[in-house]
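As a plain string of letters, each chain reads:
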Amino acid sequence: MSERLWEILASSLPNLLLYCVKVTIPLTACIYALSLVLAFLLALVQVLNIRVLSGAARIYVWIFRGTPLIVQMYIIFFGLPSVGITLNAFPSAVIAFSLNYAAYMSETIRASIQAVPVGQTEAGYMIGLNYFQIMTRIVLPQAAKIAFPTLFGSLIGLTKDSSLAASITVVEMFKAAQQIAARTFEPLALYCEAALIYLMLNTALTLLQRYLEKRLSWKQPLTE
Amino acid sequence: MLEVKNLRCSYGANQVLKDINFRVDKGEVIAIVGSSGSGKTTLLRSISFLHKADGGTIRFFDFEKDITRLKGSEIRRLRMRLGYVFQNFNLFRNMTVRQNVMEGLVTARHMDRAEAEKITDAVLEKVDMLERADYYPDQLSGGQQQRAAIARSIAFRPDVLLLDEPTSSLDPELTREVLNILTQLAADGITMVVVTHEMGFARNVANRVIFMEGGVVVEDAPAAEFFNHPKQEATKRFLRTVTDDCG
């Protein structure tokens, strides 16, 4: 590799890392937190079978899972201004992503709650617990454990997908790489560099997942 | 103490319980026997409101009401006084044995923690599970899980303990473990209704045996009489089959 290329890579690295820390990570964190809350509510109204809300939740999931994320982003960022709603790029991305991810994640959460055997609920009733206590103390903790690997998978997917926000002008890490590549005419090197940073980020997340899964397991270390 | 009259229950178009009359007195140990599909489990489930009955009345001490008209709060109050042991244990998987037992005392009955701990230790001792109090259900054998489940349902001193085939998913050795505990509880004077296929247990421990077939009570008699001088043809037939099975 030429010396010039090394120089470009070396000088762009701090820049890319800066955008990673300043934009990609906060963007991912905001989206994930919001979609988790929304997904939980969507799942809950379906599990509780609250009449109107449960139907509304199903329609919501149908629409947001059935249309492409990038189209949803374009509608919010480029489309809404024509009806007088103008949002900056960053909040537009947060809203579009959250709405979209919540639809998927709500299905994970709903299925996990329903995967807790009904015998657990029945046993709860028979020791005198009420529905709320059964949900909060028995069903939801067990559902959380079932949902955890899939929900964490969504976080890993989201970290990568956040690069799509570049398409509505959010300058996150990938957009920053794009800009440097355009200036230096070294797209291959720059995009590979960005890819490597995403890979590092997700490696860290994968390790975190493994650690947390171990912490979440309901096993007492057996004394030998 | 506990009585149901004209209890009817169905799964869809299939009527599983047809006008069951059934009563338990204090200190009694009742064994409900019969072949699979005779309605034994449904009977237990409907008197604990896990399965909605189609009709009938329930009396519990001086409380008496149409079973289909019970309010949620009444159901909960009645359940507070019933212990239930499931065929497949149903221990809370996210809790240790100790937490499983404490849950009904502290969360459901708002008992003081220290007092609840004392009771928990005592009941775990009784079922010989104190050493494994800090294990999670997945780390225990079936017999241990069932013993823990029994501890969980006797901890709050229910007026009646209902047991739905408590040994059906256990191998012979573990079955013996659990039956020994139940025999001990019977000796302690705990009122029990046990749905069981264990004829030895029914004969030796139960005061009364109820034989069900096709959703009706065919025979309801003191244990000795039931096994030595059954009145109904169906009972004789049933007893012949189960004794043949035992060799």
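Residues numbered from 1 in each chain as written. Chains lettered and ligands numbered in written order. Predicted model: local features only at pLDDT ≥ 70, side-chain atom pairs only at ≥ 80, totals over all residues. Heavy atoms only, no water.

Focus on the interface of chain B and chain A
Taken together, the 27 residues of chain B in the interface contact 20 residues of chain A. Roughly 2300 Å² is buried in total at the junction of chain B and chain A, and carbon and sulfur atoms are behind 59% of that figure. When the area that chain B buries against chain A is broken down by residue, the three leading residues are Phe92, Asn94 and Gln139 of chain B, summing to 24%. With a shortest N-O distance of 2.6 Å, Arg45 of chain B and Glu122 of chain A are connected by a salt bridge. At the junction of chain B and chain A, the tally comes to 11 residue pairs in polar contact (both at pLDDT 80 or more). Contributing elements (two or more residues each) for the side of chain B that touches chain A: α2 (72-79), β6 (82-85) and α3 (97-106) of chain B. Classifying every residue of the side of chain B that touches chain A by side-chain character gives 12 nonpolar, six polar and nine charged. (Contact = heavy atoms within 4.5 Å. Buried area = accessible area lost by both parts, 1.4 Å probe. Salt bridge = Lys/Arg side-chain N within 4 Å of Asp/Glu carboxyl O. Polar contact = N/O pair within 3.5 Å; in protein donor to acceptor, adjacent residues only side chain to side chain. Helix = DSSP H or I, 4+ residues; strand = E, 2+ residues; numbered from the N terminus. Nonpolar A, V, L, I, M, F, W, Y, C, P; charged D, E, K, R; others polar.)

Some details on the confidence of the model for chain B
Residues and elements named next belong to chain B. Looking at chain B, pLDDT values average 92 and 98% of them are 70 or higher. Mean pLDDT across the elements of chain B ranges from a minimum in helix α9 (residues 233-245), with 85, to a maximum in α3, with 97. Interface confidence for the predicted complex, expressed as ipTM, amounts to 0.93; the pTM equals 0.89. (pLDDT = per-residue confidence, 0-100.)

A closer look at the sheet that holds strand β7 (residues 160-164) of chain B
Residue and element names in this part refer to chain B. The mixed open sheet is built from six strands, whose spatial order is β6-β7-β8-β3-β9-β10. Only two strands of the sheet have a single partner each, and these edge strands are β6 and β10 (216-222). On average, each strand axis in the sheet is tilted by 15 degrees relative to the strand beside it, whichever way the strands run. Pairing geometry for β7 and strand β8 (residues 192-195), over four bridges, is parallel. What sits directly across from Leu162, in β8, is Val193. The strands touched by helix α1 (residues 40-47) are β3 (29-33), β6, β7, β8 and β9 (208-213); relative to β7, the strand with the most contacts, the crossing angle is about 140 degrees. With respect to the sheet, helix α6 (residues 172-187) is in contact with β3, β7 and β8, its orientation differing from that of β8 by roughly 155 degrees. (Pairing = 2+ DSSP bridges. Axes fitted to C-alpha atoms, helices over the stretch in contact; angles between N-to-C directions.)

Re the pairing of β10 of chain B
All names here are of chain B. Pairing analysis gives six bridges linking β9 to β10, with the strands arranged antiparallel. In the sheet register, Ile210 faces β10, and the bridge partner there is Asp220. Adjacent in sequence and paired antiparallel, β9 and β10 are bridged by two residues, among which Gly214 carries a positive phi angle near 55 degrees.

So, the packing of helix α3 (residues 69-79) of chain A against helix α4 (residues 89-115) of chain A
Residue and element names in this part refer to chain A. One can describe the packing of α3 onto α4 by two numbers: an axis separation of 9 Å at closest approach and a directional angle of 140 degrees. Looking at the two axes, α3 sits oblique to α4. In terms of crossing hand, the pair formed by α3 and α4 is right-handed. Residues Leu69, Gln72, Met73, Ile76 and Phe77 of α3 form the contact with α4, whose participating residues are Ala89, Ser92, Ile95, Ala96, Phe97, Leu99 and Asn100. In the contact of α3 with α4, the residues fall into nine nonpolar, three polar and no charged. (Parallel < 35°, antiparallel > 145°, perpendicular 65-115°, else oblique. Left-handed = near helix turned anticlockwise from the far one by under 90°.)

Looking at the nonpolar core
Of all hydrophobic cores here, the largest spans 134 residues; its most connected members are Phe97 of chain A together with Leu7, Phe22, Ile32, Ile150, Leu182 and Met192 of chain B. When residues of this core are assigned to their parent elements, the largest contribution, 12 residues, is made by helix α6 (residues 131-161) of chain A. (Core = buried A, V, L, I, M, F, W, Y, C linked by side-chain atoms within 4.5 Å. Buried < 20%, exposed > 50% of the residue type's maximum accessible area, 1.4 Å probe, protein only.)

Some points on the pattern of salt bridges
All names here are of chain B. What the rule picks out here adds up to 19 salt bridges over all chains. For Asp138, the salt bridge identified is with Arg93, shortest N-O distance 2.8 Å. Within this pair, whereas Asp138 is found in the loop between α4 (113-126) and α5 (142-154), its partner Arg93 is found in the loop between β6 and α3, the two being separated by 45 residues in sequence. With relative accessibility at 39%, the residue Asp138 sits in the partly exposed group. Two residues, Asp188 and Lys126, come together in a salt bridge whose shortest N-O distance is 2.7 Å. Here Asp188 is found in the loop between α6 and β8, whereas its partner Lys126 is found in helix α4, with 62 residues between them in sequence. A residue is classified by how much of its surface remains accessible, and Asp188, at 44% relative accessible area, is partly exposed. According to the relative accessible area criterion, Lys126 is partly exposed, its value standing at 31%.

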